[in-house]
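# Observations on chain architecture
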Amino acid sequence: AKKLGRNTYQFFDKERHTLDPTELTKESALFKAITNNEFVLYFQPKYDVQHNRLHGFEALVRWPQDDGSLIYPDEFIPLAEQNGAIIPLTQLLMKQLLQQLANWQKQDVPFGNVAINISALHFQQNSLIEMLVDYLTKYNVPARCLELEITESAMMNNPEFAEQQMKRIKALGVNITLDDFGTGHSSLSYLKRFPIDTLKIDKSFVKDIDKNEQDRNITATIVRLAKYLDINVVAEGVETEEQAYMLHIMGCHYQQGYYYCKPLKAEQVANFIDKNEVD
Ligand code: C2E
Ligand code: CA
Ligand code: CA
Ligand code: CA
């Protein structure tokens, strides 16, 4: 009976997951928060270690609560991807981001380039391109300031469509980063064909780079692969001086992580840039 019960639950969970009461509550809270525009973007710096200066930022969403706490994306992005809310949510965030970039431009804040994460579901829609055109035009932000971080798996789902979609994104002048690189399964031939600007080495490889020879070898191989393909390479999740140094001697000069800086509130960014030169 126990086994049957579990199977039954799995059936409901997979096919009709909205019947789960806690999911339902979370789901309606999420939609309400989208309607009320409750989400905010934080900005984590990316460093250019070779030139010892700031390179740009990655925008990361947070959901502030009434008690002052934050809900982190791992708690609601997967749900938003499941129920499609990720599309209106990303539209809100893109609007917010380009408004912010336009403001920084007006104030002569040299932010470099700023990346935003795009979910697989969204990457696979034609409406992504319309959204980009709309907001880039509306807020008059140069496309080269904007970068999309798209996971490896999102691209490999349907490589033919992915190639066309990336070409449309590149035609606008927007940059493309292949996110979480090493955790999916990219085919090398596609890597060569896709118009990718940057590979981002996932933090799971960086974590033990100073202790684990295998992680070190994988990371060094990704760096060489990127050089061979003439693609930039950035490492995320850099937490220690040792990790930063190892990546640097491997030739990975763009780095991001708590060692450099945690994600900042928008209001903190200008002040932060004041103390760091941007390339
Ligand atoms: P990600 O794109 O791989 O982002 C990196 C995550 O690592 C971020 O977590 C970041 O805050 C965290 N991080 C940065 N430096 C360090 C470090 O030195 N050590 C460790 N352990 N972690 C570090 P966050 O902000 O909680 O985001 C988690 C994931 O949620 C992101 O992973 C991304 O997949 C997704 N996400 C975040 N914002 C958005 C968004 O606006 N749209 C979409 N579609 N997904 C988003
Ligand atoms: Ca990312
Ligand atoms: Ca990652
Ligand atoms: Ca991720």
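Residues numbered from 1 in each chain as written. Chains lettered and ligands numbered in written order. Predicted model: local features only at pLDDT ≥ 70, side-chain atom pairs only at ≥ 80, totals over all residues. Heavy atoms only, no water.

## Overview of the pattern of salt bridges
Applying the stated criterion across every chain, the model contains nine salt bridges. The residue E58 makes a salt bridge to K200 at a minimum N-O spacing of 3.0 Å. Highlighted residues: E58 in strand β2 (residues 53-64) and K200 in strand β7 (residues 198-201), separated in sequence by 142 residues. Residue K167 pairs with E163 through a salt bridge whose shortest N-O separation is 3.1 Å. (Salt bridge = Lys/Arg side-chain N within 4 Å of Asp/Glu carboxyl O. Helix = DSSP H or I, 4+ residues; strand = E, 2+ residues; numbered from the N terminus.)

## Structural notes on the environment of E130
Along the chain, E130 turns up in helix α6 (residues 127-139). Looking at E130, the relative accessible area reads 52%, which means it is exposed. Separated by 105 residues in sequence, E130 and T25 place their C-alpha atoms 32 Å apart. (Buried < 20%, exposed > 50% of the residue type's maximum accessible area, 1.4 Å probe, protein only.)

## Considering the nonpolar core
Counting 83 residues, the largest nonpolar core has F39, F43, M94, F123, L146, L148 and I169 as the members making the most contacts within it. The biggest single contributor to this core is helix α4 (residues 86-106), with 10 residues. In this view, I169 contacts F123, L128, I129, L132, L148, I150, V174 and I176; residues no more than four positions away in its chain are not counted. (Core = buried A, V, L, I, M, F, W, Y, C linked by side-chain atoms within 4.5 Å. Contact = heavy atoms within 4.5 Å.)

## A few points about the coordination of the calcium ion (ligand 2)
Looking at the metal site, the calcium ion (ligand 2) is ligated by E58 (OE), N117 (OD1), E149 (OE) and D179 (OD), spaced 2.2 to 2.4 Å from it. One chain supplies every donor for the calcium ion (ligand 2), spaced along it as E-x58-N-x31-E-x29-D. Between the calcium ion (ligand 2) and the calcium ion (ligand 3) the interatomic distance amounts to 5.6 Å. Of the two residues, E58 sits in strand β2 while D179 sits in strand β6 (residues 175-181), which places them 121 residues apart along the sequence. Across the pair, exposure class does not vary: E58 and D179 are buried alike. (Donors = N, O, S within 2.8 Å, 3.2 Å for Na, K, Ca; no water.)

## Describing the packing of helix α11 (residues 213-229) against helix α12 (residues 241-250)
Packed helix pairs are characterised by how far apart their axes lie and by the angle those axes make with each other. Packing of α11 against α12 brings their axes to within 10 Å, and their N-to-C directions diverge by 40°. Considered as vectors, α11 and α12 are oriented oblique to each other. Where α11 crosses over α12, the two elements pack in a sense that is right-handed. From α11, R216, T219, A220 and V223 reach across to α12, where they touch M246, L247 and M250. (Axes fitted to C-alpha atoms, helices over the stretch in contact; angles between N-to-C directions. Parallel < 35°, antiparallel > 145°, perpendicular 65-115°, else oblique. Left-handed = near helix turned anticlockwise from the far one by under 90°.)

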